[in-house]
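Topology and contacts: notes
Now for the letters of each chain:
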Amino acid sequence: MNGDRKLAQELVAGIARAAAEIGRPVKLMEVCGTHTVELRRQGIHSLLPDGISLISGPGCPVCVTPSGYVDNALALAESGRAVIATFGDMLKVPGSSRRSLSGLSGRGVVKMVYSPSELIRIAKESSLPVVFLAVGFETTIPTVVSALLDARDAGIRNLFLYTAFKVVPPALRLLLSGPDHGIDGFILPGHVSVIIGPEAYQFLEGPDGRPGVITGFESLDMLLGILLLVRQIQRHERKVENAYPRAVKPGGNPRARAVIEKSLEPRDDAWRGIGVIPGGGLGLRFELADMDAEKRFDIPPARDVEAPGCLCSLVIAGKAVPPQCPLFGRVCTPDDPVGPCMVSSEGTCAAYFRYSRQ
Amino acid sequence: MCLATPMRIDRLLDGKRAVVSQGTVTVQVDVSLLPDPKPGDHVIVHAGFAIEVLTPEEAEERISLFRKMAELTGDA
């Protein structure tokens, strides 16, 4: 559309003007993996002035799940004690031995789901316990726990969650607590914010904070988000702005938040590449302990072991870009991934591989 | 993993599920995370659940909102 093109040009020009006035390099972190992909797919990087660089943050749930989690899921599937149900994203993720769940899919012990709503049917049809690999951020979490509560109401007793739920704000807080993080502002995740609302990022306005703009996923949305961020930096402001108001409402989605609060509680949680983040994950509340796979199957804590040479941990923390990794594009490709950043379609390495090499 | 798609509610099946469509794609989704889903609502769908109702905006309205937010004059 012509109007869109004209507006895009104005936004790009506005970004260039602000960048020139700032007069130093500016580093913006996109927190969300969907942004990582869309910024590259839609060529936004190429529209930005030299002084502005976008770095990817820890916003891909698959990428921040410790390798030991996959090892534990593999061991459980191979034990014959349970059927594993999972979103497709987790299937190809290698554990510490580089084996993945996709290698077991022919044996009927791994079921892929598109929606947690399918879990009730899968559990009903299964003679074995069904363990769902509950991976995801705030966007996904309410869908999984809704399905779990429905299953419970329907009298289903053979469905369990192996939780690796992660929440975004504590991870940002931890990144900001590092001495030389170099981050000037955050492109905040659109769909996580649909659930948690802009208020969840209020700490960004505090003394160690940085500007943050909640941003949608169309090219105009992303250019607007970047413009508002550089404007804040130019004016030495530190605010949380919502540039995606058609979807993100004050307070987020109260029903979804209530479902989360009813079923889950914060816990310290290991993020791949970052370490243990205080309050960085959510686990099942005591009332739902009988649906907790870790308790039912005595699953050990997930250890995090990186493949030799893999820089995923630095990429996740925004401290390295994929081409700096000796494995990137040579040993590690989307067809034969080594680290999680290449496995997930929303991983930083996969996005670089697909869109930066053309 | 937080990919979500805007779709339109065609009809409600019961309090919990609805038929939604976008273009030629028609699917059933869970609408129980919304307080008051109605046919005609545009919703964001993630993992088989509608997670929010999109505020209706005509394209022109949206552009003027963008301009206002970005404080663009339009003659830049």
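About the thresholds
- Residues numbered from 1 in each chain as written.
- Chains lettered and ligands numbered in written order.
- Predicted model: local features only at pLDDT ≥ 70, side-chain atom pairs only at ≥ 80, totals over all residues.
- Pairing = 2+ DSSP bridges.
- Helix = DSSP H or I, 4+ residues; strand = E, 2+ residues; numbered from the N terminus.
- Axes fitted to C-alpha atoms, helices over the stretch in contact; angles between N-to-C directions.
- Contact = placed C-beta atoms within 7 Å.
- Domains from an automatic or database assignment.
- Nonpolar A, V, L, I, M, F, W, Y, C, P; charged D, E, K, R; others polar.

Thoughts on the sheet that holds strand β5 (residues 130-136) of chain A
Residue and element names in this part refer to chain A. Within the open sheet, the six strands sit side by side as β4-β3-β5-β6-β11-β10. Their pairing is mixed. Edge positions in the open sheet fall to β4 (110-113) and β10 (264-271), since each of these has one partner strand only. For this sheet the average axis-to-axis angle between neighbouring strands, irrespective of direction, equals 25°. Where β5 lies against strand β6 (residues 159-166), seven bridges are found, and the strand directions are parallel. The residue bridging Leu133 from the neighbouring strand is Tyr162, located in β6. Helix α7 (residues 168-177) rests against β10 and β11 (275-284) of the sheet, and its axis sits at about 170° to β11.

Brief notes about the domain arrangement of chain A
The accessible area lost on association of the parts is a frequent measure of interface size. All names here are of chain A. Taken domain by domain, chain A holds domain 1 (1-307) and domain 2 (312-355). With centres defined by C-alpha atoms, the gap from domain 1 to domain 2 works out at 17 Å. Between domain 1 and domain 2, the contact holds 26 residues from the first and 17 residues from the second. Sorting the residues of the side of domain 1 that touches domain 2 by element identifies α2 (33-41) and β2 (52-56) as the ones contributing at least two each. A per-element tally of the side of domain 1 that touches domain 2 places α2 first, with six residues. For the side of domain 1 that touches domain 2, the residue count by class is 14 nonpolar, six polar and six charged.

Examining the sheet that holds strand β8 (residues 212-214) of chain A
Residue and element names in this part refer to chain A. Strand order in this open sheet of five strands is β2-β1-β7-β8-β9, and the pairing throughout is parallel. Edge positions in the open sheet fall to β2 and β9 (240-242), since each of these has one partner strand only. Neighbour to neighbour, the strand axes of the sheet diverge by 25° on average, direction disregarded. In the sheet, strand β1 (residues 26-30) pairs with strand β7 (residues 185-188) via three bridges, with the strands oriented parallel. Along β7, the bridge assignment pairs Glu30 with Ile187.

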